[in-house]
Every structure is written in structure tokens, then in C-alpha cells.
Amino acid sequence: MAKNGNRNSSSTESPSPLLDVRDLVIEFRSRGETNLAVDGISFEVRKGETLAVVGESGSGKSVTAMSLTRLLPEEPVCRISGDILFEGRNLTRCSEREIRKFRGKEIAYIFQEPATSLNPVFTVGNQIAEAIKLHRPEVNDVEKEIIRSLDLVKIREPEKRFRDYPHQLSGGMQQRVMIAMALACHPKLLVADEPTTALDVTIQAQIMDLLRDLKQKLAMSIILITHNFGIVSGFADKVIVMFRGKIVEAGPTEEVLRNPQHAYTRALISCIPRMGVRQKRLTTIDYAELEKAGDQRLTENRNNGANTVE
Ligand SMILES: Nc1ncnc2c1ncn2[C@@H]1O[C@H](COP(=O)(O)OP(=O)(O)OP(=O)(O)O)[C@@H](O)[C@H]1O
Ligand SMILES: [Mg+2]
């Protein structure tokens, strides 16, 4: 266990993390009311490491990811505090102009719905070209680079497909294009926010295989956001479990899966369907119990230092 009651990841030992988020708080304000979406979380991602962020709907996973490159509404609607250190640079102190150099270039995103993320009136080639021209002006032969990135995500006949419009592609192909677009700028950190949720099960497996393959080939860091513990095993080095804006459990993935400490983590893990195991009824989550357990655990963590994972 680490100093704060969380379990340490031993996957890499580089001296400083690529991303170091400290005491992040995200609040939304509307009509005089405040919604505390993220409540003082800390975590880090090292070079080449994959972090899974697991939690149910509304637990604060996406807003955490979007806060990294300031993709959330501005103040007074959304107020962010804490530190977001990327290669030692504090992104919370960057100007809007400076943050644009990180957004899409150093930190790239893949979102859940490829169909709504792609622009229907431009060819996929055009859309990838946009990203390359914006972030890698040094590239002379943009077309060759587009074909290379489509090839990287295993789209067959990329020299033909780059002239296609999004509606001409299946959901799985569209998600591959989104991944190609995100990777075309050679990001150091890829944030995949529920990248397979909108796809059917066999395509989900193909996209996860592709991401696994790319992770090894490109040695980049990944944050995988999901509510499904089932896709985390064998993919992420470490995991944080979010519940109502807080981290309730954190540690190396296989350890958390083998020996979950928090009742909410146990409830999420029990939702993973297992081959050959017949469940008589679906597991339901007892929120009153979880809140009690969560508060107790978080109090312990606070007393030990911070609500954090390293
Ligand atoms: N633009 C916004 N304005 C106001 N509140 C927001 C906004 N975006 C998110 N929130 C609120 O922040 C909280 C966390 O939302 P978030 O989208 O991070 O959840 P999530 O864990 O990603 O859920 P899901 O699994 O459904 O994607 C929710 O209460 C949500 O209503
Ligand atoms: Mg989300």
C-alpha cells in the first residue's frame, strides 16, 4: 500500500510522470446551484503507461479528461482548481493560446460516438489532413501521411478509403478513423473516452485489440475511460475507480481485480459477465451502503495524506 492507503503501481520507474494531476476540483454552476463534479482527485500517468479510469455514469470521468486541455466551459459556468502538470508544465496556468499547442498535439482524444465526432461534409482524408496541417506544419506530403495513419489503424486500401465520407464507413471503421486522426499528430498521451461503448461486441473487441497493438508499437501513454471493468484487464497497467467525483480505489489493475478493497469496486467487478458462469439475477448496487463505505475509506485516505494514486 502507498502512503495514502492506495496501492502503488510498479510498472515503470521513470523519474517524473508524463502527467501529474494534483487535487483536481471541477465545479459547475448554474442558476445559483453548484455541482461538484470532481472532488479533489490526484493521479499520475508515466511514459508508456496505461491508466484506466473506471466508474459509473456521472462519476466525473469525462470532465476529468476534458479538464486536461481545457475542453470544458469557461468560468463562471465551470470552475477548475488544482494542478495539471504535463511534463512538468502546469497546464492550469497556460494561456488559451499555449493550451492549444497541447490540445490534439500532445494530448489527443478519442470519444465515444465516432459518428458525431466526424464532420459529415468532409472526407475522412480531409479531416485527418486538417489535424496534420494544424499540428505538424513540417509535413510536406500530407496525403502520404494520411495514408500512413489509416494504414496504422488497419484500414484496408487506405489510398481509396481516404476519399470516403464518414457515412460510407461502418461504425467500427469510423472509430478507426477517429483513432487515426488522434494519432496523426503523434501525441504523447491518448485519452480514449469510452472508445467502444457505441459499437457492437465483436467490433468492440477489434478496437481494443487495435489499441493494444498501437500502445505497444507507439509506446505512448493512454488514459482509458470506461464503466466496464471487463475491458480493463490485460490492457491497463493501473486503475482508478471513481465514485461521485472521488477516487475510492486505485492500484495496479490485476491487483485491484484480484482483491478489490472498496465495496463499489467489488460491485463493478461483479457486473463483468464471465464465460461459463450463469448469474441468476443481475447485481444491484446498494448506494446507501456504498456512500457509507466510500466516506469511511476517503476519510482514511485523507488522514493518511491525500485522495491520490501514484
Ligand atoms: N457542460 C456541463 N455543464 C454542467 N454540468 C456538467 C457538464 N458536463 C458534465 N457535467 C456534470 O458533471 C458530472 C460528471 O459528468 P461526466 O460527464 O464527467 O461523467 P462520466 O463519469 O463521464 O459519465 P458517463 O459514463 O455517463 O460518460 C455530472 O454530474 C454531469 O452532469
Ligand atoms: Mg463520460
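Note that the structure is predicted; figures quoted are calculated from it, not measured.

A.B. asks: Can you help me understand the overall build of the protein chain in this one?
C.D. replies: Looking only at helices and strands, the protein chain has 11 helices and 10 strands in total. Each of the 310 residues in the protein chain was classed as buried or not, and the buried ones make up 39%. Partitioning the intrachain contacts of the protein chain with sequence separation of at least 6 by distance along the chain shows that 70% fall at a separation of at least 24.

A.B. asks: Help me understand helix α7 (residues 171-183), please; the structure alone is not making it clear to me.
C.D. replies: An α-helix turns once every 3.6 residues. As a result, residues three or four positions apart point the same way. The end-to-end C-alpha distance of α7 is 18 Å, a good match for the 18 Å that 13 residues give at a rise of 1.5 Å each. The buried count for α7 comes to 11 of 13 residues, which makes it a mostly enclosed element. Among all positions in α7, only Met 173, Gln 174, Gln 175, Arg 176, Val 177, Met 178, Ile 179, Ala 180, Met 181, Ala 182 and Leu 183 are buried. As for α7, its buried residues are in contact with β6 (107-110), α3 (114-117), α4 (124-135), α5 (142-152), β7 (189-193) and α8 (201-218).

A.B. asks: Can you help me understand the site of ligand 1 in this one?
C.D. replies: Around ligand 1, the structure places 13 residues, and the nearest of them are Ala 37, Ser 57, Lys 61, Ser 62 and Val 63. Those elements that provide at least two residues to the shell around ligand 1 are β2 (33-45) and α1 (61-68). Among the elements that take part in the shell around ligand 1, α1 stands out by supplying 3 residues, more than any other. By residue class, the composition of the shell around ligand 1 is 4 nonpolar, 8 polar and 1 charged.

A.B. asks: Honestly, the nonpolar core in this entry has me stumped. Any pointers?
C.D. replies: One recurring pattern in soluble globular proteins: nonpolar side chains tend to sit buried together. Ala 180, Ala 182, Leu 189, Ile 223, Val 239, Ile 240 and Val 241 are the most contacted members of the largest nonpolar core, which totals 71 residues. Top element by residues in this core is α7. It accounts for 8 residues. For Ala 180, the contacting residues outside a window of four places in its chain are Ile 128, Ser 149, Leu 150, Leu 152 and Val 153.

A.B. asks: Which parts of the structure should I look at to understand the pairing of β6?
C.D. replies: Across a regular strand the side chains alternate sides, sitting on one face of the sheet and then on the other. Burial along β6 is two-sided: Ile 107 and Tyr 109 facing one way and Ala 108 and Ile 110 facing the other are all buried. Pairing of β6 with β7, which is carried by 4 bridges, proceeds in the parallel orientation. Bridging from a neighbouring strand, Ile 107 pairs with Leu 189 of β7.

A.B. asks: Sorry, what's going on with the confidence of the model for the protein chain here?
C.D. replies: Detailed reading of the predicted coordinates is not advisable wherever pLDDT is low. Averaged over all residues, the pLDDT of the protein chain is 86; the fraction at 70 or higher stands at 84%. Note that pLDDT drops below 50 for residues 1-5; the model gives that stretch 15 contacts with residues more than four away or on any other chain. Predicted confidence for residues 298-310 stays below pLDDT 50, and this span has 33 contacts to residues more than four positions away or in other chains.

A.B. asks: Just checking my understanding: could you explain the sheet that holds β2 for this structure?
C.D. replies: For sheets, the rule is that strands pair by backbone hydrogen bonds, running either parallel or antiparallel. Read across the sheet, 4 strands follow the order β2-β1-β4-β5 without closing on themselves; strand pairing throughout is antiparallel. Edge positions in the sheet fall to β2 and β5 (89-90), since each of these pairs with one other strand and no more. Here strand β1 (residues 19-30) runs beside strand β4 (residues 78-86); their pairing, made up of 8 bridges, is antiparallel. Bridged to Ile 26 within β4 is Ile 80.

A.B. asks: Help me out: how do you make sense of the environment of Ser 117 in this one?
C.D. replies: One can find Ser 117 in helix α3. Separated by 57 residues in the primary sequence, Ser 117 and Gln 174 have C-alpha atoms spaced 9.4 Å apart. Apart from the residues lying within four places of it in its own chain, the contact partners of Ser 117 are Phe 111 and Met 178.

A.B. asks: What exactly am I supposed to notice about the sheet that holds strand β10 (residues 246-252) here?
C.D. replies: If you trace the 6 strands from one edge of the open sheet to the other, you get β6-β7-β8-β3-β9-β10, paired in mixed fashion. If you trace the sheet from one side to the other, it starts and ends with β6 and β10, each paired once. Strand-to-strand twist across the sheet, computed as the mean angle between neighbouring axes with direction ignored, equals 15 degrees. Of the pairings in the sheet, the one linking β7 to strand β8 (residues 221-226) comprises 5 bridges and is parallel in character. Among the inter-strand pairings, Asp 193 is bridged to a residue of β8, identified as Ile 225. Lying on the sheet, α1 is in contact with β3 (50-55), β6, β7, β8 and β9 (238-243); it crosses β8 at an angle near 150 degrees. Its contacts with the sheet put α7 on β6 and β7, and the angle it makes with β6 is roughly 175 degrees.

Calculation criteria
- All residue numbers here refer to positions counted from 1 along the written sequence of the relevant chain.
- Both sets of labels track the order of writing: A upward for chains, 1 upward for ligands.
- Totals for whole chains, interfaces and linings use all residues, but because this is a predicted model, local features are given only for residues with pLDDT of at least 70 and pairs of side-chain atoms are given and counted only at 80 or more.
- We count a stretch as a helix when DSSP gives it H or I for four or more residues in a row; a strand needs E for two or more, and each element gets its number in order from the N terminus.
- For every residue, the other C-beta atoms within 10 Å of its own C-beta are counted; 20 or more classify it as buried, 12 or fewer as exposed, and values in between as partly exposed. C-beta atoms are placed from the backbone.
- A pair of residues counts as a contact when their C-beta atoms, built from backbone coordinates, are separated by no more than 7 Å.
- Here a helix's expected span is defined as the number of its residues, less one, multiplied by 1.5 Å.
- For each residue, a C-beta atom is positioned from the backbone; the residue is called near a molecule or strand if that atom sits within 6 Å of it.
- As a working rule, the residues Ala, Val, Leu, Ile, Met, Phe, Trp, Tyr, Cys and Pro are called nonpolar, Asp, Glu, Lys and Arg charged, and the rest polar, with Gly in that last group.
- Here, a nonpolar core denotes buried Ala, Val, Leu, Ile, Met, Phe, Trp, Tyr and Cys residues that are linked to one another through C-beta atoms within 7 Å.
- A pair of strands is considered paired only if DSSP assigns at least 2 bridges between the two.
- You can read pLDDT as the predictor saying how much it trusts each residue, on a scale of 0 to 100.
- Lines fitted to C-alpha atoms define the axes here, with helix axes fitted over just the stretch in contact, and angles between the N-to-C directions of these axes take values from 0 to 180 degrees.

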